[in-house]
Amino acid sequence: MSDFITAFAPASIGNVGVGFDMLGLALSGAGDRVLARRTDGDRVIVIEVRGLDGEIHPYLSTNADENTASIAAQALWNVHGDGGGVELKVHKGIPLQSGMGSSAASAVAATVAANALLASPLEIDALLPFALEGEKYASGGMHTDNVAPSLFGGLVLCPEVLLPEFIRLPTPAGVSTVLLHPELQVNTAEARRALPKSLPLKLWLEQQGLLAGFVHACNSDDIGLIGKTLHDVVVEPHRKGNVACFDDVVAAARKAGALGCTLSGSGPSIFALCKDGDARNVASAMEQACRAQGISCQSWVSSMNARGAFVEDPA
Ligand code: HSE
């Protein structure tokens, strides 16, 4: 039997449209795996990174100072390591620069795997600051909206001002998530640099109202209010131009019954929330609209209450 411990961390939707940098939603069906075992060394190293095809990843580095997985695990080890080192194998299940929280999932899976190696593992809530160190390296900021849902699952409100505290929000009954990944790439750091540095007060008020209404809708299972509040009036207008199929995909999702539809994180992925019974139709309408623009794509249908990261049972 292998002495590696394997942790899985799901993909996630940053911003969830209304909560720029502070609201995140886990997605089932896609995620990264990190295998970890103890070594006689004195630090965390990466011995392999494999891509979606199972082959050695052509771009991601095994340099421990340049990989979100090792940076996060090392941050945990620096504080709680009980001697020796750790070696990691990173198996990517999430495309890079997809707006699906790829770098965050590797950081989360590595933190959870390294934690499981400790004689006295920490509670999962205590792992957030360590996983965030990896994400900080990848995106250059302290936004938690991918790391938190990937770690905890479901819908998480995690504004920087409250860190290390965060709020697990209830997910509304009867609502599913559909995520479409068009085969394009958007670099999050660049997409952030393209945003305006200040906002008109009117726009800020509008987005605050939408976020407050959306959170209340989730707390009260108010599906109509989700439809009314799932809009991004601040960030989407500056980013949708990076995704050629965006307008057509959103129109198709709405026509098929989606409650709302916007960018996932910085894109190019696009997500919709819809009634459970509409999810398959919404996914297929979004795919068709994307392919009609000559862009290949893949979609996932998920519960809004998707499971967060976990240690897999040994085979
Ligand atoms: N919330 C960040 C952004 C990261 O939109 O730039 C998203 O994953």
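Cut-offs applied
- Residues numbered from 1 in each chain as written.
- Predicted model: local features only at pLDDT ≥ 70, side-chain atom pairs only at ≥ 80, totals over all residues.
- Heavy atoms only, no water.
- Helix = DSSP H or I, 4+ residues; strand = E, 2+ residues; numbered from the N terminus.
- Expected span 1.5 Å × (residues − 1).
- Buried < 20%, exposed > 50% of the residue type's maximum accessible area, 1.4 Å probe, protein only.
- Contact = heavy atoms within 4.5 Å.
- Near = heavy atom within 4 Å.
- Polar contact = N/O pair within 3.5 Å; in protein donor to acceptor, adjacent residues only side chain to side chain.
- Areas by Shrake-Rupley, 256 points an atom, 1.4 Å probe, with all protein chains shown as cover.
- Nonpolar A, V, L, I, M, F, W, Y, C, P; charged D, E, K, R; others polar.
- Domains from an automatic or database assignment.
- Axes fitted to C-alpha atoms, helices over the stretch in contact; angles between N-to-C directions.
- Left-handed = near helix turned anticlockwise from the far one by under 90°.
- Pairing = 2+ DSSP bridges.
- Disulfide = S-S within 2.5 Å.

(A) Representation of the environment of G224 within the structure. For G224, the location among the structural elements is in helix α7 (residues 223–229). Between the alpha carbons of G224 and K136 there is a distance of 36 Å; along the sequence they are 88 residues apart.

(B) Layout of helix α6 (residues 201–219). A rise of 1.5 Å per residue sets the reference length of α6, with its 19 residues, at 27 Å; its end C-alpha atoms lie 27 Å apart and thus fit the reference within 8%. Of the positions making up α6, those classed as buried are Q207, L210, L211, G213, F214, V215, A217 and C218. On its buried face, α6 sits against β2 (23–39), β5 (155–157), β6 (167–169), α7 and β9 (270–275). Positive phi shows up at D221, right after α6, with a value of about 55°.

(C) Fine view of the site of the ligand. N15, F20, D21, H143, D145, N146, T188, R192, R239 and G265 make up every residue found near the ligand. Between the ligand and D21, the relevant distance is 2.6 Å, taken from a nitrogen atom to a side-chain nitrogen or oxygen of the residue. Contact distances for the ligand include 2.7 Å between a nitrogen atom and a side-chain N or O atom of D145. Across the complex, the protein chains shield 97% of the 250 Å² of accessible surface that the ligand would expose by itself. Its residues assigned to classes, the shell around the ligand comprises one nonpolar, five polar and four charged. Mapped onto the domain boundaries, the shell around the ligand takes at least three residues apiece from domain 1 (5–169 + 305–311) and domain 2 (175–303).

(D) Molecular detail of the packing of helix α1 (residues 68–80) against helix α3 (residues 128–139). For the pair α1 and α3, interaxial distance at closest approach is 7 Å and the crossing angle is 140°. Along this stretch, α1 crosses α3, giving a crossing that reads as right-handed. Only F130, A131, E133, G134, Y137 and A138 of α3 make contact with α1, whose side of the interface consists of T68, I71, A72, A75, L76, V79 and H80. In the contact of α1 with α3, the residues fall into nine nonpolar, three polar and one charged.

(E) Summary view of the pairing of strand β3 (residues 44–50). Two elements, β3 and strand β4 (residues 85–91), share six bridges in a ladder whose sense is parallel. Bridging from a neighbouring strand, E48 pairs with K89 of β4.

(F) Highlighting the state of the cysteines. One pass over the structure, following the stated rule, counts zero disulfides. You can see C245 has no disulfide; the closest cysteine sulfur is in C290, sitting 3.7 Å from it. What makes C245 buried here is its relative accessible area of 0%. Lacking any disulfide linkage, C261 is separated from the closest cysteine sulfur, that of C274, by 9.4 Å.

(G) Local environment of the sheet that holds strand β8 (residues 260–263). Judged by pairing direction, the sheet is antiparallel, and its four strands sit side by side in the order β8-β9-β7-β10 without closing on themselves. For this open sheet the edge positions go to β8 and β10 (297–303), each flanked by a neighbour on one side alone. Averaged over all pairs of adjacent strands, the angle between their axes in this sheet comes to 20°, without regard to strand direction. Here β8 pairs with β9 via four bridges, running antiparallel. The residue of β9 that forms the bridge with G260 is L273. Set on the sheet, helix α9 (residues 246–255) makes contact with β7 (175–182), β8 and β9; between it and β8 the angle comes to about 160°.

(H) Summary view of the side chain of E287. Within the secondary structure, E287 sits in helix α10 (residues 279–291). For E287, a relative accessible area of 18% gives the class buried. Not counting the four nearest positions on each side in its chain, E287 is found in contact with L180, C297, Q298 and S299.

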